[in-house]
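Report on the structure
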Amino acid sequence: MSADDPFEAIKQTFFLECEELLTDLEASVTALTFGDGDGETINAAFRAIHSIKGGAGAFGLEDLVRFAHVFETFMDELRSGRKACDDTAIRAMLHASDVLADHVSFARGLIPSMDEERSATVANDLRALMNGAGPAPLPAAAPEPSAPAGTTDEIEAAFGFKPVMFNLDALPEDAAMVPEGWTISFKPHVRLYETGNEPALLLRELARLGPCTVTLHAEALAPFADLHETAAGLSWTIELDAPVEKTAIQEIFEFVEDECDLVIAPKGGALDTPDVGDVDIAALLAAATAPASDPVVPAAADVDIQALLAAAQAPLVPPIQSAGEAPTTAPQTPTKAPAATAAAAPATSAGTQASIRVDLDRIDKLINVVGELVIQQAMLAQSVAECGLTASSTVKVGLEDLEQLSREIQDSVMAIRAQPVKSVFQRMPRLVREVAEMTGKQVRLVTEGEATEVDKTVVDRLAEPITHMIRNAIDHGLEDSEGRAAAGKPKEGTIRLAALHRSGRIVIEVSDDGRGINRERVRKIAIDRGLIAADANLTNEETDNLIFLPGFSTADTVSDISGRGVGMDVVRRSIQQLGGRISIASTPGKGSVFTMSLPLTLAVLDGMVVRAGGQTLLSPLPSIIESFTPREGDLHRIGARDWVIRFRDRFLPLIDTAKVLGFSPPDRGEINGKDGIAIVVENEGGSQVALWVDDIQGQRQVVIKSLETNYRKVEGISAATILGDGRVALILDIDALVVLGRQQANHADFKIAS
Amino acid sequence: MTVYHLPANLDTRTAPQVHAALNGLEDQPVSLDGSQVESLGGQCLQILLAAHAAWTHRNLAFAIQSPSEALCAQWAAFGAPADLLSPLGDTP
């Protein structure tokens, strides 16, 4: 795809919109699943499908249009109440929204092939539901132009969709306000054909309302030689001789209201009625001039009656012909009213637009520049400090203001990239459905904290670990129906997916109400695989965390869903790469909670500047619990190499940072407990260790620069930054450092397989 | 006179095909066989109407012969000129 191709660019925008629309659709369907939906929810779903269909038509995505049309028609049945929104209907909607998403993904080239069979099956299901539950087609009240019954079916089959049925019984008894007939002027645009719609069907639907006299206008038709095969030159005037409500006519054109010029006006006589001043008539006229898309009749008080009358009269000026007359002599009936309303519609929608789309690259560039600005400003501040100016000097005051401003810029830029995790969470209901179907379990997904915001870079990389954890929770965590019944639990298992902010990090929790971790089995497998020694003494927490070890699988049978022994290992690694950590809390018989905590951004970091082995290092602030200068006697040596430190009446393992990272010469003396500071940090499992450093220099926010991109991966180091004095400081990867420390200590009974 | 058999489904999808076929017969009298037609859509209708006008303009015969019942019914439903369907309507 070429970035220069404007058509391709518009198409990409369409796909972005599709993504949002599918998200809306998913939200609506999910709400309906939980019984939270009302008429507006169904309307929202309908609108989402309608918009996707409209856009797809413009890009000639025929399969997508065809499927969306069926789905849309189905939603319309629900919306109008002709079909009850029961469990069967909701299940059909769930399947249909999945297939619709697949169609979009396929059109976008994200998936290599489209499961046509499934699409056809789901479409047929929708049709079957509509036919089964809807009222039987009304006997054609208009004998003259209507087609024989057999042909109706054939044409419906040929065009691949069913017309919408109308219930004439729903007409009000009191028809005093309903005119005796209507004059409908209808001119399809090219898009009407492109979106798979067909005037033939619309005309037939009109004929069902009552006797119609259809006049064809072919004057605007291009000469045959110039006639593009998808041109739209024909238009029709239909005189409907039936006292039906206007909405019945509008409903017929509902699907195509944006793709045609349409004027529906009461039949000629209505205008001659003397009581024009009557509010009802005025409202009726207002409705006649309003675009068909607007079912709400504007308040009579708000409209200029004179202007409305003029507009409403316009379509009635040309003489109406009978069907038998030659069309070539028919005067043209283009009316100004529809053109004006069509032009007005986009203007209103543009007015409500409150956001713009910006290429992510541009924001990244901005963030990079702001990062440089912050560094430069820190360097300047340091130089000024070295000049020994007084605190009241204008330079210093100005610099402080500058500092505040640059901090503000930085925060604002980060806020631009902040996105709610909703986009990721919304993909999960479908996953849950599919996995539940595959495993034959009944699962209900509950999500919380969808509005929690996190940096775009983090959002993008959340989907994979969450997907994995949910699969695991359903496949391994939840019992099957019999198992749940035996345990006295409701048949339907619950998976809870929650996001929240906690101390400057985002925490994602995936919990299930399943059987919990079988520690006996986990322990046995770990011993069998040689991951731990047979006599290792592990806490419950340590045992639970064994499932994160590479090559560990607890499933008795390897399923397609999860359990190839790569699952949780991969999850942990991808979370660690994001600077996050994952832990598990499990209660046998009650379920498990997986908690992952991630930094809010991957661009800046609050850290503690420390020195170890003569090097300046940065320890991420969120992992630091406390720092203190130990008293003599707080340090104890265990065995030949290991040290522990007393901290609040407990002993914590002590890691010599300089030594583990290889900064200190091997002949350097041992930790002596005098020239140094201990920093207590928490690792991914929630257990604490102390890091031994030479001294602490201060706390500051730094801009993260990738070490891997610029140099290579360094064990125990997550990234680098540039300090105010222009020097590079390495950012510690606490978890990796702890593991490294353990490896070097060659711990006897807790070998790490990797 | 060349006889062109109209496809069974004269919908939006077959419109390009019909247009191309007629385009290829532009300088000769044409008779369209409508006996197989099962459905007729707006796109094909306008191609047929435009073609009729073009052929008539060149004083060439253009007629739709033996239209099927379905074709006649849909033709009428569109309010299209009935004489075009009649076998006698082939001469201007």
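Residue positions are given per chain, counting from 1 as you read along its sequence in written order. To read the labels, note that chains go from A and ligands from 1, taken in the order they are written. Given that this is a predicted model, residues contribute local features only at a pLDDT of at least 70 and side-chain atom pairs are listed and counted only at 80 or more, while totals for whole chains, interfaces and linings are drawn from all residues. Calculation of side-chain values draws on the structure's entire complement of heavy atoms; hydrogens and water are dropped beforehand.

The subject of this paragraph is the overall build of chain A. A tally of helices and strands in chain A yields 25 helices and 22 strands. Here chain A, with 754 residues, has 47% of them falling under the buried criterion. Of the contacts made within chain A by residues no fewer than 6 positions apart, 70% connect residues no fewer than 24 positions apart. Using the Shrake-Rupley algorithm and a 1.4 Å probe, accessible areas are obtained, with residue cover drawn only from the displayed protein chains. Surface exposure of chain A reaches about 36000 Å², of which carbon and sulfur atoms provide 53%. Put simply, DSSP H or I for four residues or longer makes a helix, DSSP E for two residues or longer makes a strand, and each gets a number counted from the N terminus. Here's how the labels work: a residue is buried when its accessible area is under 20% of the maximum for its type, exposed when over 50%, partly exposed in between, all with a 1.4 Å probe on protein chains only. Residue contacts are counted whenever heavy atoms from the two residues lie within 4.5 Å of one another.

Listed as interface residues are 32 residues of chain B and, on the opposing side, 34 residues of chain A. Summed over both partners, the accessible area (1.4 Å probe) lost when two parts come together is defined as the buried area. Taken together, both faces of the contact between chain B and chain A bury some 2600 Å²; the carbon and sulfur share is 63%. What qualifies as a polar contact is a pair of N or O atoms within 3.5 Å, subject to a donor-acceptor requirement within protein and to the restriction that residues adjacent in sequence count only when both atoms come from side chains. For the pair chain B and chain A, the number of links is 5 residue pairs in polar contact (both at pLDDT 80 or more). Of all the secondary-structure elements, those providing two or more residues to the side of chain B that touches chain A are α1 (15-23), β4 (39-40), α2 (42-57) and α3 (69-77) of chain B. With 10 residues, the top contributor of residues to the side of chain B that touches chain A is α2(B).

Next up on the list: unusual backbone geometry. All names here are of chain A. Located in the positive-phi region is Arg648, a residue other than glycine, with phi close to 50°. The residue Arg648 is located in the loop between β16 (642-647) and β17 (650-656) in this model. Exposure remark for Arg648: the relative accessible area of 59% places this residue in the exposed category.

This next bit is on the sheet that holds strand β1 (residues 2-5) of chain B. Residue and element names in this part refer to chain B. Read from one edge of the open sheet, 3 strands run β1-β3-β5, paired in parallel fashion. The open sheet has two free edges, formed respectively by β1 and β5 (62-65), since each of these has just one partner strand. Adjacent strand axes in the sheet meet at a mean angle of 25° when their direction is disregarded. Note: β1 against strand β3 (residues 30-33), 4 bridges, orientation parallel. If you follow His5 over to β3, its bridge partner there is Asp33. Each of β1, β3 and β5 is contacted by α1, which is oriented at about 175° to β1, the strand it contacts most. For two strands to be treated as a pair, DSSP must find at least two bridges joining them. Note on geometry: axes are lines fitted to C-alpha atoms, helical ones only across the stretch in contact, with angles between N-to-C directions running from 0 to 180 degrees.

So, on to the pairing of strand β21 (residues 717-722) of chain A. Residues and elements named next belong to chain A. Relative to strand β22 (residues 728-732), β21 runs antiparallel, the two sharing 5 bridges. From the neighbouring strand, Ile717 faces β22, where its bridge partner is Leu732. Where β21 folds back onto β22 in an antiparallel hairpin, the turn is made up of 5 residues, including Gly726, whose phi is positive at roughly 85°.

Locating A:Glu509 in the fold gives a position in strand β9 (residues 505-512). If sequence neighbours within four positions are ignored, A:Glu509 has contacts with A:Arg496, A:Leu497, A:Ala498, A:Arg502, A:Val593, A:Phe594 and A:Thr595.

As a further point, take the nonpolar core. The nonpolar side chains of a soluble globular protein tend to be buried with one another. Buried Ala, Val, Leu, Ile, Met, Phe, Trp, Tyr and Cys residues form a nonpolar core when they are joined through side-chain atoms within 4.5 Å. Core analysis: the largest hydrophobic core is formed by 103 residues, its most contacted members being A:Trp236, B:Leu22 and B:Trp75. Each domain span listed reflects an automatic or database assignment of domains. Taken domain by domain, the makeup of this core includes at least three residues from each of domain 1 (1-134) and domain 2 (142-349) of chain A. Discounting chain neighbours no more than four positions away, the residues touching B:Trp75 are B:Leu40, B:Leu45, B:Leu48, B:Leu49, B:Ile64, B:Ala80, B:Pro81, B:Ala82, B:Leu84 and B:Leu85. Of all hydrophobic cores here, the second largest spans 49 residues; its members include A:Leu431, A:Ala436, A:Val454 and A:Val571.

Here we come to the packing of aromatic side chains. Any aromatic ring pair is given by two values, namely how distant the centres are and how the planes are angled relative to each other. Side-chain rings of Phe, Tyr and Trp (the six-membered ring for Trp) are treated as a pair once their centres are within 6.5 Å; stacked means planes under 30 degrees apart, edge-to-face means over 60, and tilted covers the remaining angles. Per the stated rule, a full pass over the model turns up 9 aromatic pairs over all chains. Centroid distance A:Phe14 to A:Phe15: 5.4 Å. Interplanar angle 45°. Geometry classified as tilted. Where B:Trp55 meets B:Phe62, the ring centres are 5.3 Å apart and the plane angle is 50°; that geometry is what we call tilted. Given the relative accessible area of 1%, B:Phe62 is considered buried. One aromatic cluster is present, built from ring pairs that chain together A:Phe186, A:Trp236, A:Phe253 and B:Phe78. A ring has a charge above it when a Lys NZ or an Arg CZ is no more than 6 Å from the ring centre and no more than 35 degrees off the ring normal. Above the plane of the ring of A:Phe46 lies A:Arg79, whose end atom (NZ or CZ) is 3.7 Å from the centre. Across the ring face of B:Trp55, the terminal group of B:Arg58 is positioned such that the distance to the ring centre comes to 5.0 Å.

Right, let's talk about helix α18 (residues 456-477) of chain A for a bit. Every helix has an expected span of 1.5 Å times one less than the residues it contains. Taking 1.5 Å per residue as the helical rise, α18(A) with its 22 residues ought to reach 32 Å, and the 30 Å between its terminal C-alpha atoms agrees with that figure. Of all the bends found along α18(A), the most pronounced is centred on A:Leu462 and spans about 35°, while A:Pro465, a proline, follows it within four residues. The term bend refers to the angle at a residue between two fitted axes, each drawn through seven residues, those ending there and those starting there.

All right, on to the sheet that holds strand β19 (residues 688-693) of chain A then. All names here are of chain A. One open sheet accounts for 6 strands, arranged β14-β18-β19-β17-β16-β15; its pairing is mixed. The open sheet has two edge strands, β14 (624-628) and β15 (635-638), and neither has a second partner. Between one strand axis and the next, the sheet turns through 35° on average, direction left out of account.

Moving on, we come to the pattern of salt bridges. Any two side chains of opposite charge can pair if their charged atoms end up close together. All names here are of chain A. Take a side-chain nitrogen of Lys or Arg and a carboxyl oxygen of Asp or Glu: if they are within 4 Å of each other, that pair is a salt bridge. Applying the stated criterion to the full structure yields 33 salt bridges over all chains. Between Arg108 and Glu19 there is a salt bridge whose closest N-O contact spans 2.7 Å. Of this pair, Arg108 sits in helix α4 (residues 87-108) while Glu19 sits in helix α1 (residues 6-33), and the two are 89 residues apart along the sequence. The partly exposed category is assigned to Arg108, whose relative accessible area is 26%. Its relative accessible area of 41% is what places Glu19 among the partly exposed residues.

Turning our attention to the packing of helix α14 (residues 360-387) of chain A against helix α15 (residues 394-417) of chain A. Residues and elements named next belong to chain A. Interhelical geometry of α14 versus α15 gives an angle of 160° and a closest axis separation of 10 Å. The orientation of α14 with respect to α15, classified from their angle, is roughly antiparallel. Once α14 is placed against α15, the crossing between them reads as left-handed. Between α14 and α15, the contacting residues are Ile363, Asp364, Leu366, Ile367, Val370, Leu373, Val374, Gln377, Leu380, Ala381 and Val384 on the first element and Val395, Lys396, Leu399, Leu402, Glu403, Ser406, Ile409, Gln410, Val413, Met414, Ile416 and Arg417 on the second. Small angles under 35 degrees read as roughly parallel and large ones over 145 as roughly antiparallel, with 65 to 115 read as roughly perpendicular and the rest as oblique. In this scheme, a crossing is called left-handed if the near helix is turned counterclockwise away from the far one by less than a right angle; it is called right-handed if the turn is clockwise.

All right, on to the environment of A:Gln419 then. Residue and element names in this part refer to chain A. Tracing the sequence through the fold places Gln419 in strand β5 (residues 418-420). Sequence spacing of Gln419 and Val458 is 39 residues, and the spatial spacing of their C-alpha atoms is 9.2 Å. Gln419 has contacts with Thr452, Glu453, Val454, Lys456 and Val459, leaving out every residue within four places of it along the chain.

Residues and elements named next belong to chain A. The topology assignment puts Ser586 in strand β10 (residues 581-587). Between the alpha carbons of Ser586 and Ser511 there is a distance of 9.3 Å; along the sequence they are 75 residues apart. Here the side chain of Ser586 touches Ile517 through a polar contact of 2.7 Å, landing on its backbone nitrogen. A polar atom in the side chain of Ser586 sits 3.4 Å from the side chain of Ser592.

What follows is about the confidence of the model for chain B. Reading fine detail from the predicted coordinates is not recommended where pLDDT is low. All names here are of chain B. What pLDDT expresses is the predictor's confidence in each residue, scored from 0 to 100. Mean pLDDT over chain B: 83, with 92% of residues reaching 70 or higher. The secondary structure element of chain B with the lowest average pLDDT is β1, at 84, and the one with the highest is β4, at 89. Below pLDDT 50 for its whole length, residues 88-92 participates in 8 contacts with residues either more than four positions away or in separate chains.

Residues and elements named next belong to chain A. Following the UniProt record, one finds the feature "modified residue: Phosphohistidine" (unreviewed entry) at His50. With respect to the helices and strands, His50 occurs in helix α2 (residues 39-58). Look past the residues within four positions of His50 in its chain and what remains in contact with it is Glu72, Glu254, Phe255 and Asp258. UniProt positions are given in the numbering used here, feature names are shortened, and annotations may be inferred rather than shown by experiment.

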